[in-house]
Amino acid sequence: MLNREACFDATRRLMAHPRGPDGVLAVMILRIRRFREFNIRFGYSSGDQLIAVIAEQVLQSLRPVDELIQVGACDFAILLPSLISPEHAALAAAKIMRLFQSPISIEGRLMPVEAAIGVALHPEHGDDPDLLFRRAERAYGQARASIDRYAVFETAPGELDIGHDDLHEAISNNRLDLHVQPIWDLQAKTTAGVECLARWHSPRWGWVDPSLFISLAEQTGLIMPLTRWSMNIGLHHCAQARLAGLELPFSINLSPRVFAERGIAEQLIGALRIFDIPPELVILEVTETTVMDDPALSARLLGQLRDAGLRIAIDDFGIGHSTFAYLQHIPATELKIDKSFVIDMMLSTRAPRLVQSMIDLADSLELDVVAEGVEDEDTLRLLEEMGCRYAQGYFIGRPQPAPAFLDALALKQKKLR
Ligand code: C2E
Ligand code: CA
Ligand code: CA
């Protein structure tokens, strides 16, 4: 983050001198979405103007005591001291978001701009700038997916306060474990591949929910080391499986944050060479949200990986975006129907129809289709009748430690031969 120190200093200063009796300090992250795409379409100078106009308009909507600091190409930190109550922070965020309801005029052209705001509050959510900004960042993640496009940080009930250092220690000392979950071929009645899922057993907190530590990694800059770990350990097991006679595709999850990292494609392709693994044995899972965050960058990066022979799966398909336009540009090879549709299949009349339409869509685009979240036999049968080729879920197999699962599978195959 550019200007991070300036931001932290200002936050410290405002925390030390609260300008009101029991004032609340709100720390906000305002991020302009798809700014890269905007620059590519309209040019850098329009991009610069856009940021200047936005900064000007935001400043006008703030009070004189509030501070606006640009911290990145399309990121702002906003500090609002001595607010009367936490609700006033939400009101201020809503007011800023109203600026983006109508297009912004740049050089006489009206440009629609998407933005979102994450908010954290002092003293409620922490008393050091680093923690406050991390929590605002977390709220930003929720804001992106919400209708209002702003969100105030909320501590989930029972949430653990795990910090950067704990996760950093776990990653660098190789304390994460790789579990794999089988993907079943409904036609051939065989295991078609495995999805790699990271697991963390912390000496302090026990098993930590992967969604929790993955999002922590995304917020604290640890997602790249974590992704490197997943890639290397996944490929290592894939190579071991080959030595045991299993040509098994491995699916690896890619977080949206790693897309912005330089050299991610080269690192992956290089790793394949080191492990001597045919590229078609690796499937990269990306979500629709990842792809939509920066469609141009995603298309370029995934295109490069697809050209190198790797396969690309659209993960959590169906819950991200209402438009399929991105499928024109993303070289996907498969769709993974989100588990929320599949889990409801036996209970609702709508869910099976939605699943059927996703299977048909995949068919017409000549993409493979995987249904996730198959928890019982009836669902598996129904999917088979619907023409779904692949399935994954607790009924087929839970995620298990990679070595045990792969050894057992290799043994089973040997017996069949
Ligand atoms: P995902 O990619 O959607 O992974 C599938 C999740 O669904 C896994 O949760 C899996 O345990 C769970 N699942 C599988 N079958 C069933 C089922 O039949 N019913 C239900 N209710 N759930 C099922 P998990 O392991 O908790 O992972 C959560 C998310 O964390 C993953 O969602 C993935 O986005 C992320 N993740 C996990 N490992 C990694 C990793 O190494 N790197 C990255 N970037 N993300 C990871
Ligand atoms: Ca996945
Ligand atoms: Ca998924």
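Notes on the structure follow. The structure presented is a predicted model; accordingly, all values stated were derived computationally and were not measured.

Rules used throughout
- Residues numbered from 1 in each chain as written.
- Chains lettered and ligands numbered in written order.
- Predicted model: local features only at pLDDT ≥ 70, side-chain atom pairs only at ≥ 80, totals over all residues.
- Heavy atoms only, no water.
- Donors = N, O, S within 2.8 Å, 3.2 Å for Na, K, Ca; no water.
- Helix = DSSP H or I, 4+ residues; strand = E, 2+ residues; numbered from the N terminus.
- Expected span 1.5 Å × (residues − 1).
- Contact = heavy atoms within 4.5 Å.
- Buried < 20%, exposed > 50% of the residue type's maximum accessible area, 1.4 Å probe, protein only.
- Near = heavy atom within 4 Å.
- Polar contact = N/O pair within 3.5 Å; in protein donor to acceptor, adjacent residues only side chain to side chain.
- Areas by Shrake-Rupley, 256 points an atom, 1.4 Å probe, with all protein chains shown as cover.
- Pairing = 2+ DSSP bridges.
- Right-handed = clockwise from strand over helix to strand, strands pointing away.

Time to look at the coordination of the calcium ion (ligand 3). Coordination of the calcium ion (ligand 3) by the protein involves D315 (OD), D316 (OD), E372 (OE) and E372 (OE), with metal-donor separations of 2.2 to 2.6 Å. Considered as a linear motif, the donors of the calcium ion (ligand 3) on their single chain read D-D-x55-E. Between the calcium ion (ligand 3) and the calcium ion (ligand 2), the interatomic distance is 4.0 Å, and D315 donates to each metal, bridging them.

Helix length check: helix α13 (residues 350-364) (15 residues) gives 21 Å between terminal C-alpha atoms against 21 Å at 1.5 Å per residue, within 8%. Contacts made by the buried residues of α13 are with β13 (311-317), β14 (334-337), α12 (339-343), β15 (368-371) and α14 (377-385). At the C-terminal side of α13, E366 shows a positive phi close to 55°.

Time to look at the coordination of the calcium ion (ligand 2). The protein atoms donating to the calcium ion (ligand 2) are E195 (OE), N253 (OD1), E285 (OE) and D315 (OD), with metal-donor distances spanning 2.1 to 2.3 Å. Linear spacing of the donor residues for the calcium ion (ligand 2) on their chain is E-x57-N-x31-E-x29-D. The exposure class of E285 is buried, given its relative accessible area of 2%.

Attention now moves to the site of ligand 1. If you check the shell around ligand 1, you find 23 residues, and the closest are Q181, R199, S230, E375 and Y394. Between ligand 1 and R199, the relevant distance is 2.8 Å, taken from an oxygen atom to a side-chain nitrogen or oxygen of the residue. Within the side chain of K339, a nitrogen or oxygen atom sits 3.1 Å from an oxygen atom of ligand 1. Look at ligand 1: alone it shows 790 Å² of surface, and the protein chains cover 85% of it. Looking at the shell around ligand 1, the element that brings in the most residues is strand β9 (residues 190-202), giving four residues.

What follows deals with the environment of R63. By the secondary structure assignment, R63 is in the loop between α3 (44-61) and β2 (67-70). Placed 18 residues apart in sequence, R63 and P81 show a C-alpha to C-alpha distance of 9.7 Å. For R63, the residues in contact, after removing those within four places along its chain, are L80, P81, S82 and L83. Only 2.6 Å separates the side chain of R63 from the side chain of D66, close enough to count as a polar contact.

Backbone geometry follows two general trends: most residues other than glycine have a negative phi, and most peptide bonds adopt the trans configuration. Between H122 and P123 the backbone carries a cis peptide bond, its omega angle lying at 10°. For P123, the location among the structural elements is in the loop between β6 (114-122) and α5 (129-145). Despite not being glycine, R149 has its phi angle at roughly 65°, a positive value. Along the polypeptide, R149 turns up in the loop between α5 and β7 (150-152). Overall, R149 belongs to the partly exposed group, its relative accessible area being 27%. Non-glycine residue D276 carries a positive phi angle of around 55°.

So, about the pairing of strand β12 (residues 282-287). With five of six residues buried, β12 is to be regarded as a mostly interior element. In the sheet, strand β11 (residues 250-253) pairs with β12 via four bridges, with the strands oriented parallel. Directly across from F250, in β12, lies its bridge partner V282. Handedness of the crossover is the feature at issue here: the chain leaves β11, passes through helix α9 (residues 264-275), returns alongside β12, and the resulting connection is right-handed. Taken together, the five bridges between β12 and β13 define a ladder with parallel strand orientation. Of the residues in β13, the one forming a bridge with V286 is I314.

Keep in mind these numbers describe shape, not what the thing actually does.
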